[in-house]
Amino acid sequence: LSRSPTMATEADYKRLGGWARMLEPDQRVDRHTSHRTVPMQVLSLGCPRTGTLSMQEAYSILGYASPYHYSSVFENIRDADMWQEALRSKFHGGPALDWKKHFDRLLGHSAAVTDAPAVLFWRELMDAYPNAKIVLVERDLDKWLPSCELLLTGVLNPVAGYVLRFT
C-alpha cells in the first residue's frame, strides 16, 4: 500500500512544537552539491535542552533565514549523511574535511544554527564563520539532565515516530 506523505497540521505544531517536522515529507535534497546562499550570522552553541528549539523559533521570528536545529534533519533526512561524515572526520579518524566548505554546503541555506549535532562542531563553526554572533544559553544541571532523559525516552525514542502518527 502506498500512502501520500503525512503533513503536519497546525495542531501538530501546537502540540509538538518544532518536533512536528517529523510528520512532514522528506525534502530529499542532497546538500553535497549545495552552496552558501545566505551569510551565517548566528552560532547558538548551547547544549541541547537549553532552549535550542525556542532559540530556533526566535531566530526565525527575527528574520534569520532557515535557522537550523536538530529537528531540521527530519525535514531533509539526507542531511544526516553529511553530519555523519563530519562526526567520522572529527571523532573517528575519517577523512579530513574542509570545514567551511562542508558547512557551507550543509548549512548554506541557514543564517543561524542551534542544537546538536552542530554544537559538537563549535570550534569548526567559529573558525568557519568568524563574523557570526555567538550565543550561549546555559541551564541548571539538575533541571537539564532530567530534560535530556525525557527527550531520549520520549520524542527521540525509535518508536515515538510511529506513535506520533497515530495520536
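Our structure's up above, just so we're on the same page.
We now turn to the structure provided with this report. (Residues numbered from 1 in each chain as written. Predicted model: local features only at pLDDT ≥ 70, side-chain atom pairs only at ≥ 80, totals over all residues. Heavy atoms only, no water.)

### Re helix α3 (residues 79-91)
Selection criterion: Only DSSP runs of H or I reaching four residues or more are called helices, and only runs of E reaching two or more are called strands; each is numbered from the N terminus. Each helix should span, by expectation, one fewer than its residue count multiplied by 1.5 Å. For every residue, the accessible area (1.4 Å probe, protein chains only) is compared with the maximum for its type, and the residue is labelled buried under 20%, exposed over 50%, or partly exposed between those bounds. Of all possible arcs, the one meant is that of the directions from the helix axis to the C-beta atoms. Between two residues, a contact is recorded if the distance between any of their heavy atoms is within 4.5 Å.
Along its 13 residues, α3 runs 18 Å from first to last C-alpha, staying within 8% of the 18 Å computed at 1.5 Å per residue. Where α3 is concerned, the buried positions are Asp79, Met82, Trp83, Ala86 and Ser89. Along α3, the residues classed as buried sweep out an arc of 125° about the axis, all on the same side. In the core, the buried residues of α3 are packed alongside α4 (99-106). Among the residues trailing α3, Gly93 stands out with phi positive, at a value near 70°.

### Digging into the side chain of Ser71
Spelled out, the test is: Residues adjacent in sequence count toward polar contacts only when both atoms are side-chain atoms; beyond that, a polar contact is any pair of N or O atoms within 3.5 Å, and within protein one must be able to donate a hydrogen and the other to accept it.
Looking at the secondary structure, you find Ser71 in the loop between α2 (52-61) and α3. On the accessibility criterion, Ser71 (0% relative accessible area) is buried. Of note is the side chain of Ser71, whose polar atom sits 2.6 Å from the side chain of Arg21. Each residue touching Ser71, except ones within four places of it in the same chain, is listed here: Gly18, Trp19, Arg21, Leu53 and Gln56.

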